[in-house]
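One letter stands for each residue in the lines below.
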Amino acid sequence: MYTLHNHCRACGYGENTAPDGCKSEKAHEKLIPVLDLGIQPLANDFKSDREEREGFAPLKMMFCPNCTLAQLSVVVKPEILYSNYSYITSMSRTMLRHFGQLVAALGIKNGDRVLEIGSNDGGFLSILKDEIGCQVAGVDPAINLARIATVKGIPTVGAMFSFDSARNAISFHLGGLLPDIIIARHVCCHIDNLRGFINDIDRICGDNTIVAIEVPYVKHLMDKLYFDTIYHEHLSYMSTYAMEMLVSKTSLRIKDVLHFDVHGGVVVYVLSKQPSSWVSDEKRITVEDWNDFSFRCHDAMGNLVQWQRTNDSKSIVGYGASAKSTVWMNACGFRRKHIKFICDNTPQKQWKCSPGTDIPIVDEGALLRELPDYAVLFAWNYADEIIAKNQAYRDKGGKFVVPLPELRVC
Ligand code: TMP
């Protein structure tokens, strides 16, 4: 189900490390363990009672002291994670606003040829095609989602991104011309062979192609304690320095780094083959920073467990069966007796169990029907939107609990 990962996928540190006991000069080159979240199920393994679960794997973070890339200690087989993927990019108001900001910041315009890597169900490309007038093509390994996208008129190659799958998308759907824009939103962190990935992108770029790579920013993760975004699908946690090291062996250069507040804070690395005058202002992340982060995470988990124990006589549910919720449930050991159910508006998740637990996922209407005392907001990235639309629940005495960055009841 998984293999061990022991060298840095951005800079190669540890690649030539000899087995323990062998006196190689590189024997000391080892990634450093910095956070252990135990053995966890796959965060999006939402299954009904009779469906087979995919299994459990260690969830442990390693730090590269050379380029600062943080990365998991294992790689779960991509076929297990992505062949029938249940994560559908949300078309919530929050995401639509983000897409609008991204289009403006990248200067995407009518007639541009756009290739999206990891195009999911084609949601973002639909906007580019229908509202901006772009010529679009997607590549996505989740066959179920690629099919949905194709049916709604977004040409999508159902395959892992590679030079070959991108070339197919370009030949069949972009008239054989290199893309003006290549977008990869939240894809980089899923890629094991990161250097191969960036090399393949380099090969499909023309001189003026703009590449936009959106990733959760590791500094936000650390500052705001978003440890629940650490799960098996996210193999790497990118810093700007690691990105610089990664692209340094290609003909691409960082042209700009854009910050957006969606998902708790993301960065978009804008790359191109043109000479760049951009200089980084990022303070280098250290192993001490990670050790401090690890202490604070364990405190946050302890606080939620403690809060649940204190309120054990009250009815408590979850809101948002995000992958983040899976990390919380399993790190805190929550079961149905602690969290009665989780509300979620994704039909594919409803009437399934929260992975690793017996907690059922139900529709959002359950909040008003059941009127629990507390709803723990595991989709904290949509806190404003979800709290606003559930004012009726609060009017009837219900309260939301936001677990991060500090537990608050509102
Ligand atoms: P995500 O942060 O991984 O996108 O997960 C958020 C989850 O929250 C996703 O399963 C959809 C769910 N959700 C709701 O149930 N209601 C909402 O209003 C929003 C915005 C999200």
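Our subject in this report is the structure included herewith. (Residues numbered from 1 in each chain as written. Predicted model: local features only at pLDDT ≥ 70, side-chain atom pairs only at ≥ 80, totals over all residues. Heavy atoms only, no water.)

A count of helices and strands for the chain gives 13 helices and 19 strands. Relative to the compact-globule value of 22 Å for 410 residues, the chain shows a C-alpha radius of gyration of 22 Å, a close match. Dimensions along the principal axes, computed over C-alpha positions, put the chain at roughly 65 × 60 × 40 Å. Counting across all 410 residues of the chain, residues that qualify as buried make up 57%. Across the chain, the mean location of the 44 positive side-chain charges is 2 Å away from that of the 47 negative side-chain charges. (Helix = DSSP H or I, 4+ residues; strand = E, 2+ residues; numbered from the N terminus. Rg over C-alpha atoms; globule rule 2.2 N^0.38 Å. Buried < 20%, exposed > 50% of the residue type's maximum accessible area, 1.4 Å probe, protein only. Lys, Arg positive; Asp, Glu negative; His and termini not counted. Charge placed at Lys NZ, Arg CZ, Asp CG, Glu CD.)

Listing the buried residues of helix H4 (residues 143-151) in full gives Leu145, Ala146 and Ala149. Buried residues along H4 cover an arc of 100° about the axis, so they all sit on one side. In this structure, H4 carries Arg147 and Val151 as exposed residues pointing more than 90 degrees from its buried face. For H4, the elements touching its buried residues are strand S8 (156-157). (Arc of directions from axis to C-beta. Contact = heavy atoms within 4.5 Å.)

As a further point, take the pairing of strand S3 (residues 56-63). Extensive coverage of S3 is indicated by the burial of six of its eight residues. Bridge count for strand S2 (residues 32-41) against S3 is seven bridges, and the pairing is antiparallel. Of the residues in S3, the one forming a bridge with Asp36 is Lys60. Both S3 and strand S4 (residues 70-72) contribute to a ladder of three bridges, which runs antiparallel. (Pairing = 2+ DSSP bridges.)

The next subject is the nonpolar core. Leu128, Phe227, Ile230, Trp290 and Phe293 are the most contacted members of the largest nonpolar core, which totals 89 residues. No other element matches the nine residues that helix H9 (residues 287-310) contributes to this core. Contact partners of Phe227, with chain neighbours within four places excluded, come to Leu37, Phe293, Cys297, Ala300, Met301, Val327, Trp328 and Leu404. One finds Ala10, Met62, Cys67 and Val257 within the second-largest nonpolar core, a separate group that totals 46 residues. (Core = buried A, V, L, I, M, F, W, Y, C linked by side-chain atoms within 4.5 Å.)

Lining the immediate surroundings of the ligand are 16 residues, of which Lys324, Asp344, Lys349, Glu364 and Lys389 lie closest. The side chain of Asn381 places a nitrogen or oxygen atom 2.8 Å from an oxygen atom of the ligand. Expressed as a share of its isolated accessible area of 490 Å², the protein-covered part of the ligand is 94%. Broken down by class, the residue content of the shell around the ligand amounts to five nonpolar, six polar and five charged. (Near = heavy atom within 4 Å. Polar contact = N/O pair within 3.5 Å; in protein donor to acceptor, adjacent residues only side chain to side chain. Areas by Shrake-Rupley, 256 points an atom, 1.4 Å probe, with all protein chains shown as cover. Nonpolar A, V, L, I, M, F, W, Y, C, P; charged D, E, K, R; others polar.)

Moving on: a nonpolar patch on the surface. On the surface, Met1, Tyr2 and Leu4 cluster together into a nonpolar patch covering about 310 Å² of accessible area. Looking at where Met1 falls in the secondary structure, it is placed in the segment before strand S1 (2-4). (Patch = residues over 30% accessible without salt bridge, like charges linked within 9 Å, V, L, I, M, F, W, Y side chains within 5 Å. Salt bridge = Lys/Arg side-chain N within 4 Å of Asp/Glu carboxyl O.)

Burial of strand S14 (residues 316-319) is two-sided: the residues Ile316 and Gly318 facing one way and the residues Val317 and Tyr319 facing the other way are all buried. Of the pairings in the sheet, the one linking S14 to strand S17 (residues 374-377) comprises four bridges and is parallel in character. Residue pairing in the sheet places Tyr319 in a bridge with Leu377 of S17. Sheet analysis places S14 next to strand S15 (residues 342-343), joined by two bridges and oriented parallel.

Below, the discussion takes up the packing of H9 against helix H10 (residues 323-332). Packing of H9 against H10 leaves a shortest axis separation of 10 Å and a crossing angle of 75°. Classified by the angle their axes make, H9 and H10 are roughly perpendicular. Together, Ala300, Met301, Leu304 and Val305 of H9 and Trp328, Ala331 and Cys332 of H10 make up the contact between the two elements. Tallied by class, the residues present in the contact of H9 with H10 amount to seven nonpolar, no polar and no charged. (Axes fitted to C-alpha atoms, helices over the stretch in contact; angles between N-to-C directions. Parallel < 35°, antiparallel > 145°, perpendicular 65-115°, else oblique.)

The residue after Leu404, namely Pro405, is reached through a cis peptide bond having omega -10°. By secondary structure assignment, the location of Pro405 is in the loop between strand S18 (399-402) and strand S19 (408-409). A positive phi angle, close to 75°, is found at Thr68, a residue other than glycine. You can see Thr68 is positioned in the loop between S3 and S4. Thr68 gets classed as buried once you look at its relative accessible area, which sits at 3%. The backbone phi angle of Asn120 is positive, close to 55°, even though this residue is not glycine. Along the polypeptide, Asn120 turns up in the loop between strand S6 (113-117) and helix H3 (123-132). Among the residues examined, Asn120 registers a relative accessible area of 7% and is labelled buried.

Structurally, the position occupied by Leu145 is in helix H4. Note on Leu145: relative accessible area 1%, which makes it buried. C-alpha separation for the pair Leu145 and Thr156, spaced eleven residues apart in sequence, amounts to 9.2 Å.

This part covers the pattern of salt bridges. If you walk through the whole model with that rule in mind, you get 15 salt bridges. A salt bridge links Glu54 to Lys47; the shortest N-O distance between them is 3.5 Å. Since its relative accessible area comes to 35%, Glu54 is described here as partly exposed. Across the pair Glu370 and Lys340 runs a salt bridge whose closest N-O atoms are separated by 3.9 Å.

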